[in-house]
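Spelled out, the chains give:
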Amino acid sequence: MNKTVLILGGYGNTGRLLAEWLLLTTEVNLIIAGRSEIQAKTLAGDLQPRFPGKQVTGIHLDAANFNELLLAFQRVNLVIVASSTTALVENVAKAALQARIDYFDMQLSSPYKINRLRQLENEIIAAGCCFITDGGFHPGVPAALIRYAATQFESLIQANVASVIQVNWAALSFAEETKIEFIRELQEYQLLVWQQGQWRELSWYHAVKEFDFGQLLGKRACVPFFLEELKCLPEQFPALQDSGFFIAGFHWWIDYVIMPLSFFLLKLSPKLAKPLSQLFWWNLAKIGHPPFGTSLLLEATGLNQGQSQTLRVQLFHEDAYQMTAIPVIACLLQYLDGTIRKPGLWWQGNLVAPTRMLRDLEKLGITVEVKVDHLLKTLNS
Ligand SMILES: NC(=O)c1ccc[n+]([C@@H]2O[C@H](COP(=O)([O-])OP(=O)(O)OC[C@H]3O[C@@H](n4cnc5c(N)ncnc54)[C@H](OP(=O)(O)O)[C@@H]3O)[C@@H](O)[C@H]2O)c1
């Protein structure tokens, strides 16, 4: 029998793309859920005629209401959390556990979310459920890229991943919670990188590293942005001496004025989160300018037969939300065919088979360019 998947936040920017991709690439039936029954039903009504063999329904569901979650989850096999409900992670995860269904989230990698999920890890295993967290492109892809690099060398010495997001923010609309969640989570980020056998917190002065994203997006100064999925990599690849995830700034005005000011005021009073998030998003909407695009870049070096080689893998999509949704689908394809489904709490970037993921990203529309020692290479060779 076909599986039923519920997308919480199913009509949001990412949720609606996930809904369409799931119907296009898998055999699942879908429930689109959120606090607006009208929006959920409208999207379901738009999608259903395009996919006549499948069931697509829309329902009201509030992540804050445990009983409502439990009732909805009893009808499904998997919940995909595409809603900005990190503050409610415990509610959603406990309802999924009680209903004995699988769980996938793609919210930012916040210590709050991870600690709450880790506290439930033994129960998740005992219930035989598969919980996948930190899905998306970052979090979600950087560790998979580094694991791909490790398959290309006898020993992996250096592997850094960087991201640039150049978006027309003014053309997008978000739930109020998404805006607040974003600024709260940016405030928590750590300038941590793996250097000379340990995780080191860098000072701002030493943290900046330049990456060349190519002709369209150019050279960008990036700073470390620690992701939980990176933590286990040095143990898996003992020769690794230098590794981290880096992120390009938005614009000097946002990076050096609005963000430090917002973080300072937020520390003084967490109650200011709403007005500060409005200030942040108002400014962000003013700075978006073409060319638009989102890119992840892996730069790695390693040894093969005693010789040093370089590897560069660049992912690009002009639409930042496709760049988020497509890696989720690539992971779910591996989950739905049973290849990676197993009881426990897993990170998307650590769980996926990396070469298959990269091939699927390419098939689904992300440009994947692989270069070894500056020469282009296909993913198959
Ligand atoms: N990993 C990655 O690469 C990546 C990339 C982009 C975004 N994200 C994360 O993905 C999440 C969604 O981002 P987005 O840009 O798609 O946001 P969005 O467009 O604002 O959508 C958020 C959705 O969540 C729903 N929602 C909010 N509160 C809810 C609640 N209490 N119960 C049920 N539904 C609720 C909203 O609908 P209602 O308000 O009508 O309920 C809306 O459908 C965010 O957490 C964001 O940080 C991750």
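Residues numbered from 1 in each chain as written. Predicted model: local features only at pLDDT ≥ 70, side-chain atom pairs only at ≥ 80, totals over all residues. Heavy atoms only, no water.

**Student:** Where do I start with the sheet that holds strand β15 (residues 344-347) in this structure?
**Tutor:** Sheet architecture is open: seven strands sit in the order β3-β2-β1-β4-β5-β6-β15, paired in parallel fashion. Lying at the two open borders of the sheet, with one neighbouring strand each, are β3 (56-60) and β15. Averaged over all adjacent pairs, the angle separating strand axes in this sheet is 20°, with direction ignored. Relative to strand β4 (residues 78-81), strand β1 (residues 4-8) runs parallel, the two being bridged by four bridges. Residue pairing across strands places Ile7 opposite Ile80, the latter belonging to β4. (Pairing = 2+ DSSP bridges. Helix = DSSP H or I, 4+ residues; strand = E, 2+ residues; numbered from the N terminus. Axes fitted to C-alpha atoms, helices over the stretch in contact; angles between N-to-C directions.)

**Student:** I'm lost on the site of the ligand in this one. Help?
**Tutor:** For the ligand, the set of nearby residues contains 31 residues, the closest of which are Tyr11, Ala175, Thr178, Glu181 and Tyr321. One of the side-chain N or O atoms of Asn13 is found 2.8 Å from an oxygen atom in the ligand. Note that an oxygen atom of the ligand is positioned 3.2 Å from one of the backbone N or O atoms of His138. For the ligand, whose accessible area on its own is 910 Å², the fraction buried by protein is 91%. Put simply, the parts of the chain that give the shell around the ligand at least two residues each are α1 (13-25), α8 (176-187) and α14 (320-336). (Near = heavy atom within 4 Å. Polar contact = N/O pair within 3.5 Å; in protein donor to acceptor, adjacent residues only side chain to side chain. Areas by Shrake-Rupley, 256 points an atom, 1.4 Å probe, with all protein chains shown as cover.)

**Student:** How do you make sense of the pairing of β4 when you look at a structure like this?
**Tutor:** A regular strand places its side chains so that they alternate between the two faces of the sheet. Where burial is concerned, the two faces of β4 agree: the one with Leu78 and Ile80 and the one with Val79 and Val81 are both buried. Examined bridge by bridge, β4 and strand β5 (residues 102-105) share four bridges and lie parallel to one another. From the neighbouring strand, Val81 faces β5, where its bridge partner is Asp105. Read from β4 through helix α4 (residues 89-98) to β5, the crossover connection turns out right-handed. (Buried < 20%, exposed > 50% of the residue type's maximum accessible area, 1.4 Å probe, protein only. Right-handed = clockwise from strand over helix to strand, strands pointing away.)

**Student:** Can you help me understand the state of the cysteines in this one?
**Tutor:** Put plainly, two cysteines are in a disulfide when a covalent bond ties their sulfur atoms together. In this structure the tally under the stated criterion is zero disulfides. The closest cysteine sulfur to the non-disulfide-bonded Cys129 is located on Cys130, 8.8 Å from its own sulfur. For Cys129, a relative accessible area of 2% puts it in the buried group. (Disulfide = S-S within 2.5 Å.)

**Student:** Any chance you could explain the packing of aromatic side chains here in plain terms?
**Tutor:** Remark: the centre distance and the inter-plane angle together describe each pair of aromatic rings, the angle taken between the planes. Counted by the stated rule, this structure contains twelve aromatic pairs. Centroid distance Trp169 to Phe174: 6.5 Å. Interplanar angle 40°. Geometry classified as tilted. Its relative accessible area of 11% is what places Trp169 among the buried residues. Judged by centre distance (5.2 Å) and plane angle (75°), the ring pair of Trp199 and Phe226 falls under edge-to-face. You can see Trp199 sitting in strand β9 (residues 198-201) and its partner Phe226 sitting in the loop between β11 (219-224) and α11 (233-236), a full 27 residues away along the chain. Through successive ring pairs, a cluster of aromatic residues spans Trp169, Phe174, Phe250, Phe280 and Trp281. One residue, Lys342, lies across the ring of Trp346, its end atom 4.4 Å from the ring centre. (Phe/Tyr/Trp six-rings, centres within 6.5 Å; stacked < 30°, edge-to-face > 60°. Lys NZ or Arg CZ within 6 Å of the ring centre and 35° of its normal.)

**Student:** For this particular structure, what's the right way to read the nonpolar core?
**Tutor:** Taken as a class, soluble globular proteins show a tendency for nonpolar side chains to be buried jointly. Of all hydrophobic cores here, the largest spans 111 residues; its most connected members are Leu156, Phe280, Leu298, Leu311 and Leu315. Per element, the largest residue contribution to this core is twelve residues, and it comes from α14. (Core = buried A, V, L, I, M, F, W, Y, C linked by side-chain atoms within 4.5 Å.)

**Student:** Help me understand the packing of α4 against helix α5 (residues 111-119), please; the structure alone is not making it clear to me.
**Tutor:** Two measures define how a pair of helices packs: the angle their axes make with one another and the distance between the axes. Interaxial distance between α4 and α5 falls to 10 Å at its minimum, and their mutual angle equals 30°. By the angle class used here, α4 and α5 are roughly parallel. As α4 runs across α5, the sense of the crossing is right-handed. Counted together, Val89, Glu90 and Ala93 of α4 and Tyr112, Lys113, Arg116 and Leu117 of α5 form the full contact between these two elements. Tallied by class, the residues present in the contact of α4 with α5 amount to four nonpolar, no polar and three charged. (Parallel < 35°, antiparallel > 145°, perpendicular 65-115°, else oblique. Left-handed = near helix turned anticlockwise from the far one by under 90°. Contact = heavy atoms within 4.5 Å. Nonpolar A, V, L, I, M, F, W, Y, C, P; charged D, E, K, R; others polar.)

**Student:** Any chance you could explain the domain arrangement of the protein chain here in plain terms?
**Tutor:** Quite often, the size of an interface is put as the accessible area lost when its parts meet. Considered domain by domain, the protein chain is made up of domain 1 (4-133) and domain 2 (142-319 + 356-377). Using only C-alpha atoms to locate each centre, domain 1 and domain 2 end up separated by 26 Å. Facing 14 residues of domain 1, the contacting portion of domain 2 comprises 13 residues. Of the roughly 1,100 Å² buried where domain 1 meets domain 2, counting both sides, 49% is carbon and sulfur surface. The largest share of the area that domain 1 buries against domain 2 comes from Asn13, Ser84 and Leu108, three residues that together contribute 42% of it. Glu228 is paired through a salt bridge with Arg118; the nearest N and O atoms lie 3.2 Å apart. Broken down by class, the residue content of the side of domain 1 that touches domain 2 amounts to four nonpolar, eight polar and two charged. (Domains from an automatic or database assignment. Buried area = accessible area lost by both parts, 1.4 Å probe. Salt bridge = Lys/Arg side-chain N within 4 Å of Asp/Glu carboxyl O.)

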